[in-house]
Amino acid sequence: MEPGNGTQISEFLLLGLSEEPELQPILFGLFLCMYLITVLGNLLIILAVSSDSHLHTPMYFFLSNLSFTDICFTSTTIPKMLLNIQTQSKAITYPGCITQMCLFLLFAGLDDFILTVMAYDRYVAICHPLHYTVFMHPWLCGLLVLVSWVTSSLYALLQTSMVLQLSFCADLEIPHFFCEFNHMVQLACSDTFLENIMMYFGVGMLCGGPFAGILYSYSKIVSSIRAIPSAQGKYKAFSTCASHLSVVSLFYGTSLGVYLSSAGSHHSQSSATASVLYTVVTPMLNPFIYSFRNRDIKRALRRLVGVATMKTVAP
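Keep in mind that what you see is a predicted model, and the values were worked out from it rather than measured.

## A short note on the packing of helix H1 (residues 24-51) against helix H2 (residues 58-75)
- The N-to-C vectors of H1 and H2 enclose an angle of 155°; their axes lie 9 Å apart at closest approach. When the axes of H1 and H2 are compared, the pair comes out roughly antiparallel. Judged by the twist between their axes, the crossing of H1 over H2 is left-handed. Residues Tyr35, Thr38, Val39, Asn42, Leu43, Ile45, Ile46 and Val49 of H1 lie in contact with H2, whose contacting residues are Tyr60, Leu63, Ser64, Ser67, Phe68, Asp70, Ile71, Thr74 and Ser75.
- Looking at the contact of H1 with H2, its residues break down into 10 nonpolar, six polar and one charged.

This is the structure we're talking about:
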């Protein structure tokens with residue numbers, strides 16, 4: 001593999017979250033549990049939605065796609081970190097690093113777009129309830145998810161192709177537990193002015209555009225809720241989007257906080273620790289947020305667990 005001007009790169013070193021040996025078993029156990037909870041929790045959401053015909057609606061269709069994305073999003077980083085801790089090796093090959101970065105950008109962008117599509121779904125449901133079945137037709141829902149995949153893929157490929165053009169110095173230590181785009185750019189020896197411009201432009205477009213769409217949707221939702229005369233009606237309308245609003249706040253609050261706080265940091269591991277919030281904690285909490293006050297999801301999960309239990313105890 002010959003990146004940039006031909007500098008031979010064989011591998012990078014991921015420094016992880018801590019270099020203290022006594023903390024490695026604790027980190028391994030902690031992140032293994034968090035990863036298993038994330039995968040099982042989101043998988044249960046997908047199975048519940050697919051097995052219950054009452055949940056075959058646009059809102060839960062987008063939720064199942066979000067759960068699938070969260071599983072993939074977490075799986076791009078945590079398994080490699082766990083393997084590095086278990087084998088006491090910090091190495092990751094150059095092709096492996098590029099692949100991990102590309103997949104991370106893909107699923108981070110997809111997470112962003114699906115949250116935006118879910119905000120649009122809530123906007124139509126609350127602001128135009130009589131036309132909901134017309135606006136949120138199954139083919140349109142599928143098209144919105146497809147466009148999200150295509151846009152995220154193009155963004156990931158564009159950013160990855162830019163990194164492939166860079167040449168790297170001898171110091172190949174990445175102060176992170178995965179290959180993140182901004183750290184890769186900071187390691188380069190060649191001029192990275194264009195890459196930095198494109199990085200901030202891409203983050204602005206990928207985060208700013210969807211975030212503006214979410215803000216617009218919720219501004220309209222708030223206006224519609226305020227127009228409802230009864231307090232019970234207002235509560236019922238708001239409760240349908242409370243879970244989504246919680247997830248959006250958690251995802252954007254943590255991810256933007258990490259990027260803004262680490263904008264000038266080149267070798268600090270503090271940003272790596274903070275990145276755990278949106279790469280691990282947020283995907284892990286999503287199933288709990290969506291099922292905690294959602295009676296439909298609770299009912300589907302109970303039915304799913306009941307069927308599984310009956311099959312287990314059946315002779």
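## A short note on helix H3 (residues 78-87)
- Looking only at H3, the buried set comprises Ile78, Met81, Leu82, Asn84 and Ile85. Here the buried residues of H3 occupy an arc of 160° about the axis, which is enough to place them on one side.
- The first or second residue beyond H3 is Gln88, which carries a positive phi of 55°.

## Overview of the packing of aromatic side chains
- Using the criterion set out here, one finds nine aromatic pairs in the structure.
- With centroids separated by 6.2 Å and ring planes inclined at 40°, the aromatic side chains of Tyr120 and Tyr123 adopt a geometry described as tilted. Of this pair, Tyr120 and Tyr123 both sit in helix H4 (residues 94-127), separated by three residues, roughly a single helical turn.
- Taking relative accessible area as the criterion, Tyr120 reaches 31% and is therefore assigned partly exposed.
- Their ring planes at 40° and their centres at 4.7 Å tell us that Phe211 and Tyr252 sit as a pair that is tilted. Taken together, the positions of Phe211 in helix H8 (residues 193-226) and Tyr252 in helix H9 (residues 231-261) put the pair 41 residues apart, joining distant regions of the chain.
- With relative accessibility at 4%, the residue Tyr252 sits in the buried group.

## Section: the layout of surface pockets
- Considered as a void within the structure, the second largest pocket measures approximately 370 Å³ in volume.
- What lines the second largest pocket is a set of 19 residues, and nearest its centre among them are Ser18, Gln24, Asn84, Ile85 and Gln88.
- Mapped by element, the contributors of at least two residues to the lining of the second largest pocket are H1 and H3.
- The residue makeup of the lining of the second largest pocket, split by class, is 10 nonpolar, seven polar and two charged.

## Quick look at the UniProt feature "transmembrane region" (unreviewed entry) in the protein chain
- Within this structure's numbering, the places UniProt gives as "transmembrane region" (unreviewed entry) are residues 26-47, 59-78, 98-120, 132-158, 197-216, 237-260 and 272-292.
- Each end of residues 26-47 is marked by a C-alpha atom, and these two atoms are 31 Å apart; helix forms 100% of the span and strand 0%.
- In the segment residues 272-292, helix accounts for 100% and strand for 0%; the C-alpha atoms at its two ends are 30 Å apart.

## A word on unusual backbone geometry
- Unlike most non-glycine residues, Gln88 shows phi in positive territory, near 55°.
- Mapped onto the fold, Gln88 is located in the loop between H3 and strand S2 (91-93).
- Judged by relative accessible area, which is 74%, Gln88 ranks as exposed.

## Let's talk about the pairing of strand S1 (residues 11-14)
- What you see with S1 is a clean split: Phe12 and Leu14 sit on the buried side and Glu11 and Leu13 on the side with no burial.
- Where S1 meets strand S3 (residues 173-174), two bridges bridge the pair, whose relative direction is parallel. Residue Leu14 lies in a different strand from S3, and its bridge partner there is Ile174.

## Overview of the side chain of Ser152
- With respect to the secondary-structure elements, Ser152 resides in helix H6 (residues 138-164).
- Of note is the side chain of Ser152, whose polar atom sits 2.8 Å from the backbone oxygen of Ser148.
- Excluding residues within four positions of it along the chain, Ser152 makes contact with Leu106, Gly109, Leu110 and Phe113.

## Considering the state of the cysteines
- Across all of its chains, the model carries one disulfide by this definition.
- Disulfide pairing places Cys97 opposite Cys179 at an S-S distance of 1.9 Å. Taking the torsion about the sulfur-sulfur bond, which here is approximately -120°, the covalent link between Cys97 and Cys179 counts as left-handed. Of this pair, Cys97 sits in helix H4 while Cys179 sits in the loop between S3 and helix H7 (181-187), placing them 82 residues apart in sequence.
- By relative accessible area, which is 0% here, Cys97 ends up buried.

## What about H6?
- Here H6 is 27 residues long and its end C-alpha atoms lie 39 Å apart, about the 39 Å a rise of 1.5 Å per residue gives.
- Packing partners of the buried residues in H6 comprise H2, H4, helix H5 (132-135), H7 and H8.

## A short note on a negative patch on the surface
- Taken together, the side chains of Glu19, Glu20, Glu22 and Glu173 define an acidic patch exposed on the protein surface.
- Looking at the secondary structure, you find Glu20 in the loop between S1 and H1.
- For Glu20, a relative accessible area of 41% translates into the label partly exposed.

Definitions and cut-offs
- Residues numbered from 1 in each chain as written.
- Predicted model: local features only at pLDDT ≥ 70, side-chain atom pairs only at ≥ 80, totals over all residues.
- Heavy atoms only, no water.
- Axes fitted to C-alpha atoms, helices over the stretch in contact; angles between N-to-C directions.
- Helix = DSSP H or I, 4+ residues; strand = E, 2+ residues; numbered from the N terminus.
- Parallel < 35°, antiparallel > 145°, perpendicular 65-115°, else oblique.
- Left-handed = near helix turned anticlockwise from the far one by under 90°.
- Contact = heavy atoms within 4.5 Å.
- Nonpolar A, V, L, I, M, F, W, Y, C, P; charged D, E, K, R; others polar.
- Buried < 20%, exposed > 50% of the residue type's maximum accessible area, 1.4 Å probe, protein only.
- Arc of directions from axis to C-beta.
- Phe/Tyr/Trp six-rings, centres within 6.5 Å; stacked < 30°, edge-to-face > 60°.
- 1 Å grid on protein atoms, 1.4 Å probe; cavity = no way out; pocket = protein on both sides within 12 Å on 5 of 7 lines; lining within 4 Å.
- Points joined across faces, edges and corners; volume = space filled by probe spheres on them.
- UniProt positions renumbered as here; feature names shortened; annotations may be inferred.
- Pairing = 2+ DSSP bridges.
- Polar contact = N/O pair within 3.5 Å; in protein donor to acceptor, adjacent residues only side chain to side chain.
- Disulfide = S-S within 2.5 Å.
- Expected span 1.5 Å × (residues − 1).
- Patch = residues over 30% accessible without salt bridge, like charges linked within 9 Å, V, L, I, M, F, W, Y side chains within 5 Å.
- Areas by Shrake-Rupley, 256 points an atom, 1.4 Å probe, with all protein chains shown as cover.
- Salt bridge = Lys/Arg side-chain N within 4 Å of Asp/Glu carboxyl O.
- Lys, Arg positive; Asp, Glu negative; His and termini not counted.
- Charge placed at Lys NZ, Arg CZ, Asp CG, Glu CD.

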